[in-house]
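# Per-entry structural report
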Amino acid sequence: MSSKAIVTPQAPDGATFEIYLAWSDCTLKVEANQTALQVLLEAGVAISPGCLTGGCGECATAYVEGDMIHKDTCLNAADRQRLFCPCVSRARTRIVIAE
């Protein structure tokens, strides 16, 4: 009998992922043809859209959990540990937004 590590599957870039809104106990699904920004705005989350290209940081949103695929050009490495730009960035796993 061999022991094998259990691996949690990760979504490839462009795949569907989930955003969990901790304050409302609500899970949102971001489809491959949507941006996280679109889904968050449709859910009523107050975010200023900005440039929609990941260049300005206006929509930068704090997250507390998740493996992000950062596609912006405005956040530095330290910022990316706690912020993402939902206009262009995606996630490999479910992400959690606390506020």
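Residues numbered from 1 in each chain as written. Predicted model: local features only at pLDDT ≥ 70, side-chain atom pairs only at ≥ 80, totals over all residues. Heavy atoms only, no water.

Before going further, it helps to examine the packing of aromatic side chains. A full pass over the atoms with the stated rule returns one aromatic pair. Ring centres 5.9 Å apart and planes at 80° place the aromatic pair Tyr63 and Phe84 in the edge-to-face group. Of this pair, Tyr63 sits in the loop between β3 (61-62) and β4 (68-69) while Phe84 sits in strand β5 (residues 83-84), and the two are 21 residues apart along the sequence. Overall, the relative accessible area of 9% leaves Tyr63 in the buried class. Residue classification places Phe84 among the buried residues on the basis of a relative accessible area of 0%. (Phe/Tyr/Trp six-rings, centres within 6.5 Å; stacked < 30°, edge-to-face > 60°. Helix = DSSP H or I, 4+ residues; strand = E, 2+ residues; numbered from the N terminus. Buried < 20%, exposed > 50% of the residue type's maximum accessible area, 1.4 Å probe, protein only.)

So, on to the pairing of strand β2 (residues 26-30). The side chains of a regular strand alternate, residue by residue, between the two faces of the sheet. Note: strand β1 (residues 17-21) against β2, five bridges, orientation antiparallel. Note on β2: the bridge partner recorded for Glu18 is Lys29. (Pairing = 2+ DSSP bridges.)

With that settled, the discussion passes to the environment of Ile97. Relative to the elements of secondary structure, Ile97 occurs in strand β7 (residues 95-97). Placed 14 residues apart in sequence, Ile97 and Leu83 show a C-alpha to C-alpha distance of 9.9 Å.

One non-glycine residue, Asp25, lies in positive phi territory at about 50°. On the secondary structure map, Asp25 appears in the loop between β1 and β2. Positive phi is not limited to glycine here, since Leu52 has a value of about 70°. Mapped onto the secondary structure, Leu52 falls in the loop between α1 (36-42) and β3.

Below, the discussion takes up the pairing of β1. Of all five residues in β1, four are buried, a share of seventy percent or more. Between β1 and β2, which pair antiparallel one after the other, the connecting turn spans four residues, and Asp25 there sits at a positive phi close to 50°. Summarising the sheet, β1 and β7 pair through three bridges and their orientation is parallel. When the bridges of β7 are listed, Tyr20 appears paired with Val96.

Quick look at the pattern of salt bridges now. Summed over all chains, the structure comprises three salt bridges. Across the pair Asp67 and Arg92 runs a salt bridge whose closest N-O atoms are separated by 3.1 Å. Pair noted here: Asp67 is in the loop between β3 and β4 and Arg92 is in the loop between β6 (90-91) and β7, with a separation of 25 residues, a long-range link. On the basis of relative accessibility, which here comes to 27%, the residue Asp67 falls in the partly exposed class. (Salt bridge = Lys/Arg side-chain N within 4 Å of Asp/Glu carboxyl O.)

Shape is all these values report; function is a separate question.
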